[in-house]
Amino acid sequence: MSSQLPARCRSRLKGVHPDLVAVVEAALARSPVPFIVTEGVRTPERQAALVRVGASRTLKSRHLTGHAVDVAAIVDGRIRWDWPLYARIAEAFKAAALERKTPIVWGGDWKTLRDGPHFELDRKVFP
């Protein structure tokens, strides 16, 4: 996979914490599954809409502060949501975060409302 973020992805990272942007870029370079960034910073209105439809359970999302991103796996030029793809992307994110000494949390590791496309900076280090 190319380590160059497409312009559309780069625009979706506007306002995202620079440490998380660096992890995204490093993960892209090492991921066996190509991916795009689908969301970075969200408005309170967007977050409220996601809560209304059950796609999120909080109005205090890390997306509101630029501490979270969502990605989508790309296979044969199409977005795919197959769970195993996100586990492979997560391996790349975790390795990139460890290498950069930037603690992250993967939504796929959550016990409830598991969220494979979601990555955020660890609240313990990035409140």
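Every residue gets a number counted from 1 within its own chain, in the order that chain's sequence is written. Given that the model is predicted, a residue must reach a pLDDT of at least 70 before its local features are reported, and side-chain atom pairs must reach 80 or more before they are shown or counted; all residues, however, enter totals for whole chains, interfaces and linings. Side-chain metrics rest on all non-hydrogen atoms present in the structure, leaving aside hydrogens and water.

Asks: Summarise the overall build of the chain; cite the residues concerned and give the values.
Replies: Looking only at helices and strands, the chain features four helices and five strands. The helix and strand labels rest on DSSP assignments: H or I over at least four residues marks a helix, E over at least two residues marks a strand, and numbering proceeds from the N terminus. Taken from N to C terminus, the helices and strands of the chain fall in the order α-α-β-α-β-β-α-β-β. On C-alpha atoms alone, the chain measures out to a radius of gyration of 14 Å, which is about the 14 Å that the 2.2 N^0.38 rule sets for 127 residues. Principal-axis analysis of the C-alpha atoms gives the chain an extent of 35 × 30 × 30 Å. We call two residues in contact when some of their heavy atoms are within 4.5 Å. If you take every contact in the chain between residues at least 6 apart in sequence, the share linking residues at least 24 apart comes to 60%. Entry remark: accessible area of the chain is about 7,200 Å², with carbon and sulfur atoms responsible for 55%. Positive: Lys, Arg. Negative: Asp, Glu. His and the chain ends are not part of the count. To locate a charge, take atom NZ for lysine, CZ for arginine, CG for aspartate or CD for glutamate. Across the chain, 21 positive and 13 negative side-chain charges occur, with their mean positions spaced 2 Å apart. Here the radius of gyration uses the C-alpha set of atoms, whereas the globule reference equals 2.2 Å times the residue count to the power 0.38. Here, Shrake-Rupley sampling with a 1.4 Å probe gives the accessible areas, and only protein chains in the shown set may cover a residue.

Asks: Describe the side chain of Glu-39, naming the residues involved and giving the relevant values.
Replies: Relative to the elements of secondary structure, Glu-39 occurs in strand β1 (residues 35–39). Here Glu-39 falls in the buried class, since its relative accessible area comes to 16%. Of note is the side chain of Glu-39, whose polar atom sits 2.8 Å from the side chain of Arg-46. When residues no more than four places from it in sequence are discounted, the contact partners of Glu-39 are Arg-12, Arg-46, Leu-50, His-63, Ala-68, Val-69 and Asp-70. The buried label goes to any residue with under 20% of its type's maximum accessible area, the exposed label to any with over 50%, and the partly exposed label to all in between, with areas taken from a 1.4 Å probe on protein chains only. Counted as a polar contact is a pair of N or O atoms within 3.5 Å, where, for protein atoms, one must be capable of donating a hydrogen and the other of accepting one, and residues adjacent in sequence contribute only when both atoms are in side chains.

Structural measurements only, silent on function.
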